[in-house]
Each structure stands twice: as C-alpha cells, then as structure tokens.
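Fold and contact review
Spelled out, the chains give:
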Amino acid sequence: MIREHPRATRLPYATLCRSGLHPKDVERLVESVADLRRRDNTVVVVEHEEQFVRRADQIVEIGPGAGDHGGKVVFQGKPEEILQDESSLTGAYLTGRRGAAAPSKRRHAQPSGVRIRGARGNNLQGIDVEFPLGVLCLVTGVSGAGKSTLVQDTLYPAIARRLHEEGPKPLP
C-alpha cells in the first residue's frame, strides 16, 4: 500500500507486503516504486529485498544489530558504495562475503511422507501432494496460486490434529 505522508507535500511512503510474492511479482513491485521515483517523487521504502537494494539511489542501513544493539546508522550512500563498506551487513550479503551457501550434499527424504489428497480449500482444485519428511521442502508459485492455503490452512492444521494438538480445522 503506497500513501502520501499527511505532513509532506510529495513523499509517498510504502508499507509493502511482499511476503509470499513470486520473484516475478517482486520485480513488478520494484518497477512500480521506481515509476513513482521517475515521476519526481521522493520515495522511502523500508525493505531488505535484494532487488530493492540494488535499484535504490540511496541506502540507509540501520543497525548494527537488533533491539538494544541497533538504532545507529551503519551506512548511508549509494548501492555500489555499500558493497565496499566492511561494516555493512547488507553489503556483506550483497557481495557474498556473508550468507548461506548451498549445501555440498543434499539430504535424502525419509521413505514416508505426509500426503494430502483432494485439497480444495479456497482456490485449490482437488490437488494431491506428498510432503517428504526430513528435508527442506519448498512450496513455490505465483501470488494467489494457493501456497498459503495448502501449507497454512490445510497441511499444518491436519498435522496438528493428527498429533492431538489444538489448532484450526484444516480446509478440505
């Protein structure tokens, strides 16, 4: 949601909800924000998505940590400058000096898994899927495809009930 700050004349600020967005949708969002800038607006976005960081004209990094360990300006400058700044955690991730490396060996799934049959909550269309156990299983797709319905509203409640834990009723 993009609004104009009530005390500014031309300062749109963004409250972006990109959780669960497909990378293609993130790019569209980045383009929309860039379009605001092209129309001579000052746009301030609180974000750490790499596509936003690399497209910014100016970056202000607050840190160096969270809570009591934060609240200081660690870096302010252009994206190409943050890459050289040794004190910047954002710069370290952008250059690959920090971050999670892909594992050299992948884990093998356990022989059994959790099966969902005929899931049709919200926009799911009677799908059958098996989630392997003992591995990181990624559910991906475009926004609105049904990822959250499948995982949050169907899989999780079904497992919670199977384990005799309290929780919402799973969607069909």
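Report on the accompanying structure. (Residues numbered from 1 in each chain as written. Predicted model: local features only at pLDDT ≥ 70, side-chain atom pairs only at ≥ 80, totals over all residues. Heavy atoms only, no water.)

**Side note on the overall build of the protein**
Helices and strands together make up the secondary structure of the protein, namely five helices and seven strands. Counted from the first residue to the last, the protein has its helices and strands arranged as β-β-α-β-α-β-β-α-α-β-β-α. Here the protein holds 172 residues, and 24% of them are scored as buried. Counting only contacts in the protein whose residues sit at least 6 apart along the sequence, the fraction spanning at least 24 positions is 33%. In the structure as shown, the protein presents an accessible area of about 12600 Å², 52% of it carried by carbon and sulfur atoms. (Helix = DSSP H or I, 4+ residues; strand = E, 2+ residues; numbered from the N terminus. Buried < 20%, exposed > 50% of the residue type's maximum accessible area, 1.4 Å probe, protein only. Contact = heavy atoms within 4.5 Å. Areas by Shrake-Rupley, 256 points an atom, 1.4 Å probe, with all protein chains shown as cover.)

**Topic: a nonpolar patch on the surface**
On the surface, a nonpolar cluster with roughly 280 Å² of combined accessible area is contributed by Val60, Ile62 and Val73. Mapped onto the elements, valine 73 comes out in strand β5 (residues 72-77). (Patch = residues over 30% accessible without salt bridge, like charges linked within 9 Å, V, L, I, M, F, W, Y side chains within 5 Å. Salt bridge = Lys/Arg side-chain N within 4 Å of Asp/Glu carboxyl O.)

**Regarding the pairing of strand β4 (residues 59-63)**
Only one face of β4 is buried: it carries Ile59, Glu61 and Gly63, and the other face, with Val60 and Ile62, is open. Pairing geometry for β4 and β5, over five bridges, is antiparallel. Within the sheet, the bridge partner assigned to valine 60 lies in β5 and is glutamine 76. (Pairing = 2+ DSSP bridges.)

**Describing the nonpolar core**
Counting six residues, the largest nonpolar core consists of Ile116, Ala119, Leu124, Phe131, Leu150 and Leu155. Of all elements in the fold, only β6 (113-119) and α5 (147-162) reach the threshold of two or more residues within this core. Those residues in contact with alanine 119, other than ones at most four positions away along the chain, are Leu124, Gln125, Gly126, Ile127, Thr154 and Pro172. (Core = buried A, V, L, I, M, F, W, Y, C linked by side-chain atoms within 4.5 Å.)

**Observations regarding the pattern of salt bridges**
Under the counting rule described, the total for this entry stands at eight salt bridges. A salt bridge links arginine 28 to aspartate 25; its shortest N-O distance comes to 3.0 Å. With arginine 28 and aspartate 25 both in helix α1 (residues 23-38) and three residues apart, this pair spans about one turn of that helix. Overall, the relative accessible area of 49% leaves arginine 28 in the partly exposed class. Classification of aspartate 25 as buried rests on a relative accessible area of 15%. Each of Glu27, Glu31, Asp35, Arg38, Arg39 and Arg55 takes part in a single network of salt bridges with overlapping partners.

**Regarding α5**
Helix length check: α5 (16 residues) gives 21 Å between terminal C-alpha atoms against 22 Å at 1.5 Å per residue, within 8%. Taken as a whole, α5 carries its principal kink of about 30 degrees at leucine 155; the proline proline 157 stands between one and four residues after it. Turning to α5, its buried residues are Lys147, Thr149, Leu150, Thr154, Leu155, Pro157 and Ala160. Summarising the contacts, the buried residues of α5 are in contact with β6 and β7 (127-132). With its phi angle positive at about 60 degrees, histidine 164 sits one or two positions after the end of α5. (Expected span 1.5 Å × (residues − 1). Bend = angle between axes of the 7 residues up to and from the residue.)

**Side note on α1**
The end-to-end C-alpha distance of α1, which contains 16 residues, comes to 22 Å, matching closely the 22 Å that a straight helix rising 1.5 Å per residue would cover. All of the buried residues along α1 are Asp25, Val26, Leu29, Val30, Val33, Ala34 and Leu36. After α1 finishes, the residue aspartate 40 shows a positive phi value of roughly 65 degrees.

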